[in-house]
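So the chains spell out like this:
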Amino acid sequence: MLEAAPSAWVRQQFVAQLALGQQMLGALCGFGTVHCSLGLHRDDVGGGGQPLLSLFTITWQDTPAAPRAATAARAVTAPDGHRRVAYLELPCGPATVSETLRPPVTGSPLPRLPLLQVHAHLPHPDCKRLAVLTVSSTAAARRAEYRAVLEGIADTVRFTDPLGALS
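The residue numbering used here restarts from 1 in each chain and proceeds along that chain's sequence as written. This being a predicted model, a pLDDT of at least 70 is required before a residue's local features are given, and a value of 80 or more before pairs of side-chain atoms are given or counted; all residues contribute to the totals for chains, interfaces and linings. Excluded from the side-chain calculation are hydrogens and water; included are all heavy atoms of the structure.

### Comments concerning helix α2 (residues 68-75)
Alright, step 1. With a 1.4 Å probe rolled over the protein chains alone, any residue whose accessible area is under 20% of its type maximum counts as buried; one over 50% counts as exposed, and the rest are partly exposed. Strands here are runs of E lasting at least two residues and helices are runs of H or I lasting at least four, both read from the DSSP assignment and numbered beginning at the N terminus. Restricting attention to buried positions, one finds in α2 the residues Arg68, Thr71, Ala72 and Ala75. Viewed end-on, α2 has its buried residues packed into an arc of 100°, placing them on one side of the element.
Alright, step 2. Contact definition: two residues touch when any of their heavy atoms are within 4.5 Å. Contacts from the buried residues of α2 go to β4 (93-102), β5 (115-123) and β6 (129-137). In this description, one arc is meant: the one made by directions from the helix axis to the C-beta atoms.

The structure is reproduced here in structure tokens:
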């Protein structure tokens, strides 16, 4: 990929974005994350084609046994500053989508920009755990676009064994 870059400056920017991604991954290690994807793409909405870095994670959280709708609602009442909360009925069941904007942490190796996190909280049918899908980026100006992407991903979630469906 580096050889395909049109200049040394573009290669350097790409490597810098990957290093930021590595730092973000290191900060997430202890939070129960079971899947993580790193996105590096151009801002084609008015940012002059600048590179944007995003992180998509899936985290399992144990929850007290409760009806799924109550679990979804309770997930966004924590003192984490959830904003722009929406309740959705998805094919997999009830869900909430919310956003948090976290200020940079003093002394952290992470970028000195606020971190936008868009969350989808999807209670499992066993009523004992919650799948939390999160898209994180320092490109807070692209909040609406990241939210649309996450809602699209959440709409594809199914709590069924795809192999069991074949037998």
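Don't stop here, the text continues.
### Here's the deal with the side chain of Gln117
Alright, step 1. Considering the arrangement of structural elements, one finds Gln117 in strand β5.
Alright, step 2. For Gln117, a relative accessible area of 11% corresponds to the buried category.
Alright, step 3. Polar contact is the term for a pair of N or O atoms within 3.5 Å; when the atoms are in protein, one must be able to donate a hydrogen and the other to accept it, and sequence-neighboring residues count only if both atoms are side-chain atoms. One polar contact links Gln117 to Ser136, side chain to side chain, over a distance of 3.1 Å.
Alright, step 4. Excluding its chain neighbours within four sequence positions, the residues that come into contact with Gln117 are Ser98, Glu99, Thr100, Arg102, Thr134, Val135 and Ser136.

### Observations concerning the nonpolar core
Alright, step 1. The definition of a nonpolar core used throughout is a set of buried Ala, Val, Leu, Ile, Met, Phe, Trp, Tyr and Cys residues joined through side-chain atoms within 4.5 Å. Core analysis: the largest hydrophobic core is formed by 18 residues, its most contacted members being Leu90, Val118, Ala120, Leu122, Leu133, Tyr146 and Leu150.
Alright, step 2. Within the residue set of this core, elements represented by two or more residues are β2 (51-62), β4, β5, β6 and α3 (143-154).
Alright, step 3. No other element matches the four residues that β5 contributes to this core.
Alright, step 4. Filtering out sequence-adjacent residues up to four positions away, Val118 remains in contact with Val97, Ser98, Glu99, Leu133, Thr134, Val135, Tyr146, Arg147 and Leu150.

### So, the sheet that holds strand β3 (residues 83-90)
Alright, step 1. Pairing is antiparallel across the open sheet formed by six strands, whose spatial order is β1-β2-β6-β5-β4-β3. The sheet terminates laterally at β1 (33-42) and β3, the two strands that pair on one side only. Averaged over all pairs of adjacent strands, the angle between strand axes in this sheet comes to 15°, irrespective of strand direction.
Alright, step 2. Bridging between β5 and β6 involves eight bridges; their strand directions are antiparallel. Across the sheet, residue His119 finds its bridge partner in β6, namely Thr134.
Alright, step 3. Sheet contacts for α2: β3, β4, β5 and β6; angle to β4, the most-contacted strand, approximately 5°. At least two bridges found by DSSP between two strands is the condition for calling them paired. Simply put, an axis is a line fit to the C-alpha atoms, just over the touching stretch for a helix, and the angle between two N-to-C directions goes from 0 to 180 degrees.

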